[in-house]
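The residues making up each chain are set out below.
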Amino acid sequence: MPNVFIKTYGCQMNQRDSEQVARMFTEGGYTVTGDEFEADAILVNTCSVRDQAEQKALGKMGHMGKHRTLKPHVVYGFMGCMAQSRGQELFQNIPHLDVVVGTQKYHKVFEYVDTILQSRLERRMDDLELAYKGDHICDVAEEKDSQNTIKDHVNTTTDPTAFVSIMQGCNMKCSYCIVPDTRGRERGRPIADIVAECTTLASRGVKEVTLLGQIVNLYGRTEFPKVDGKSPFVQLLEAVHEVEGIERIRFTSPHPVGFRDDLITAFTYLPKLCSHIHFPMQSGSDKILKAMRRPYKNEKFVEIIKKMKTARPDMAVTTDIIVGFPGETEEDFIDTLNTVKELEFDNCFVFRYSQRRNTPAAEMLEQHTEQTKEDRNQRLLTLVNEIAQRKNHALVGSVQEVLCTGPSKSNADTLNSRTPQNKIVILEGNPDRLVGKVFKAEITGCTGYTLYGTPLID
Ligand code: SAH
Ligand code: SF4
Ligand code: F3S
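Residues numbered from 1 in each chain as written. Chains lettered and ligands numbered in written order. Predicted model: local features only at pLDDT ≥ 70, side-chain atom pairs only at ≥ 80, totals over all residues. Heavy atoms only, no water.

Peer 1: Please explain the overall build of the protein chain as it appears in this structure.
Peer 2: Within the protein chain one finds 15 helices and 19 strands. Over its C-alpha atoms, taken along the principal directions, the protein chain stretches across nearly 70 × 60 × 45 Å. Looking at the protein chain residue by residue over its 458 residues, the buried ones come to 55%. Here the analysis covers contacts within the protein chain between residues at least 6 apart in sequence; of these, 73% occur between residues at least 24 apart. Only carbon and sulfur atoms are counted for the fraction: they give 51% of the accessible area of the protein chain, which is about 19,700 Å². Charge centroids of the protein chain, computed over 57 positive and 62 negative side chains, lie 2 Å from each other. (Helix = DSSP H or I, 4+ residues; strand = E, 2+ residues; numbered from the N terminus. Buried < 20%, exposed > 50% of the residue type's maximum accessible area, 1.4 Å probe, protein only. Contact = heavy atoms within 4.5 Å. Areas by Shrake-Rupley, 256 points an atom, 1.4 Å probe, with all protein chains shown as cover. Lys, Arg positive; Asp, Glu negative; His and termini not counted. Charge placed at Lys NZ, Arg CZ, Asp CG, Glu CD.)

See below:
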């Protein structure tokens, strides 16, 4: 049985896409391996959002080229956003590459890779040296309804959490962002299909689903009508809420555009919705938001968070912020620091602005040096950490509801769990009794971003 190794970079959507690809390989008789050394097919699912992400994927793929010296039949594939934006040119950069597949063609990866692998294995029967023959397949075309192809899960895992991709693409034009280029126009899946997927997941023991979209709250706005003043996204939340066995619902990422009262109110009557939103702010300066082409002002962003905290007083909010955007002055940066102080995010992903090809911000004149970006990065991180850790320490002694997700990666004797606010709690206890269950735990300690707890369960 051939083995496939899949390395994934980038966002949760990419993880989900990789899972769909893995599922197709298992259906085709392959084994998914975590060890690149035993792989017959090596795939990298790539991200283009920052230069660093691209360099990592190129570096890893370059390095893995060595496997062909021992196994000339190995098939190499590049998938995802970088494959989409670079296409054919990747064959020049990576001489051993065989397959390049874009973001609307994940469902074709298996067929392309397997065809090449089978023909190489046949040739190898005659002579090992004959196995390798340069085969280049590049498919980065658009595919109508490709959003409906990301729907199956690998059914061998015991993970009680799952991602569900509810839409693809983004119609915004944030001036720094390559995603609209790599993911195409916004398009949603039918509610019934998403509910069916969640029902299947629940029947396999999944307790928590995270609904994924680039601007998840805009789900379905071009395809499906409002009903009783409720957006298609709120209708979807209500429908998923009905699925028996699903105990927790998350979604990521929402955007201030279209974040209306129907969504805020949903948090008052849908108890399965977790008290956490990851709500990217990008900047606290109106001038920079405008230059970023983010169509909201700081005041609006703050107002939505305040309303969310009124709807759910225990609401945790995390965010994304870009530092060192072209033209960002010290005053603009201080506006960001002040908003972070005011809103007290539970966590914040800070990104140094990275110039992306074919984006307007890359052409702006007032680009910052790496030094300035790094300085601001450090100053913001210091503030973010101070706030987040203070909030986490304050939880020591409290009782939180957790979902136990499985053994902890760093110490197999302990178990990982998450609160509704998405905070990690490390527990001790019997995995057979705890994994996959939602229960109360007393928080006994905290080291910055990790909490420690004792299960309160018989
Ligand atoms: N669709 C989401 C964001 C997806 S990209 C939204 O708009 O909310 C994830 C994050 O990467 C963004 O929130 C942004 O903070 C960061 N990002 C995107 N392009 C970037 C760039 N060119 N340089 C640095 N960070 C970037
Ligand atoms: Fe990128 Fe903006 Fe779309 Fe988010 S909303 S994916 S940041 S263009
Ligand atoms: Fe990266 Fe593409 Fe996601 S650029 S962040 S993998 S949509």
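Peer 1: Please explain empty space enclosed by the protein as it appears in this structure.
Peer 2: Over the atoms a probe the size of a water molecule is rolled, and this reveals where empty space is left. In this structure the tally under the stated criterion is one cavity of 30 Å³ or more. Ranked by residues supplied to the lining of the largest cavity, first place goes to strand 11 (residues 248-252) with three residues. When its residues are assigned to classes, the lining of the largest cavity shows six nonpolar, one polar and one charged. (1 Å grid on protein atoms, 1.4 Å probe; cavity = no way out; pocket = protein on both sides within 12 Å on 5 of 7 lines; lining within 4 Å. Points joined across faces, edges and corners; volume = space filled by probe spheres on them. Nonpolar A, V, L, I, M, F, W, Y, C, P; charged D, E, K, R; others polar.)

Peer 1: Hey, could you run me through the site of ligand 2 in this one?
Peer 2: Around ligand 2 sit Cys170, Met172, Cys174, Tyr176, Cys177, Val179, Pro180, Gln214, Ile215, His255 and Arg294, and that is every residue in its neighbourhood. Residue classes in the shell around ligand 2 are distributed as eight nonpolar, two polar and one charged. (Near = heavy atom within 4 Å.)

Peer 1: Teacher, can you tell me more about the environment of Cys174 here?
Peer 2: Here Cys174 lies in the loop between strand 8 (167-168) and helix 7 (179-183). Judged by its relative accessible area of 9%, Cys174 is buried. Sequence separation between Cys174 and Met292 is 118 residues, and the spatial gap between their C-alpha atoms is 5.5 Å. Once residues lying within four places of it in the same chain are set aside, the contact partners of Cys174 are Met292, Arg293 and Arg294.

Peer 1: When you look at the environment of Glu342 in this model, what are you seeing that I'm missing?
Peer 2: Inspection of the secondary structure puts Glu342 in helix 13 (residues 330-343). Among the polar contacts listed, one links the side chain of Glu342 to the side chain of Lys306, at a separation of 3.1 Å. (Polar contact = N/O pair within 3.5 Å; in protein donor to acceptor, adjacent residues only side chain to side chain.)

Peer 1: Is there a simple way to explain a negative patch on the surface in this structure?
Peer 2: A contiguous patch of negative charge, built from Asp286, Glu299, Glu331 and Asp335, is present on the exposed surface. Looking at the element boundaries, Asp335 is found in helix 13. (Patch = residues over 30% accessible without salt bridge, like charges linked within 9 Å, V, L, I, M, F, W, Y side chains within 5 Å. Salt bridge = Lys/Arg side-chain N within 4 Å of Asp/Glu carboxyl O.)

Peer 1: Honestly, the sheet that holds strand 4 (residues 75-80) in this entry has me stumped. Any pointers?
Peer 2: Note on sheets: strands pair through backbone hydrogen bonds, and any given pair is parallel or antiparallel. On the basis of which strands lie adjacent, the open sheet formed by six strands has the order 2-1-3-4-5-6 and parallel pairing. On the outer flanks of this sheet lie strand 2 (31-33) and strand 6 (137-139), each paired with one strand and no other. Strand after strand, the sheet turns through a mean of 20° between neighbouring axes, direction not considered. Against the sheet, helix 1 (residues 12-27) engages strand 1 (3-8), strand 2, strand 3 (41-46) and strand 4, with an angle of about 175° to strand 1. (Pairing = 2+ DSSP bridges. Axes fitted to C-alpha atoms, helices over the stretch in contact; angles between N-to-C directions.)

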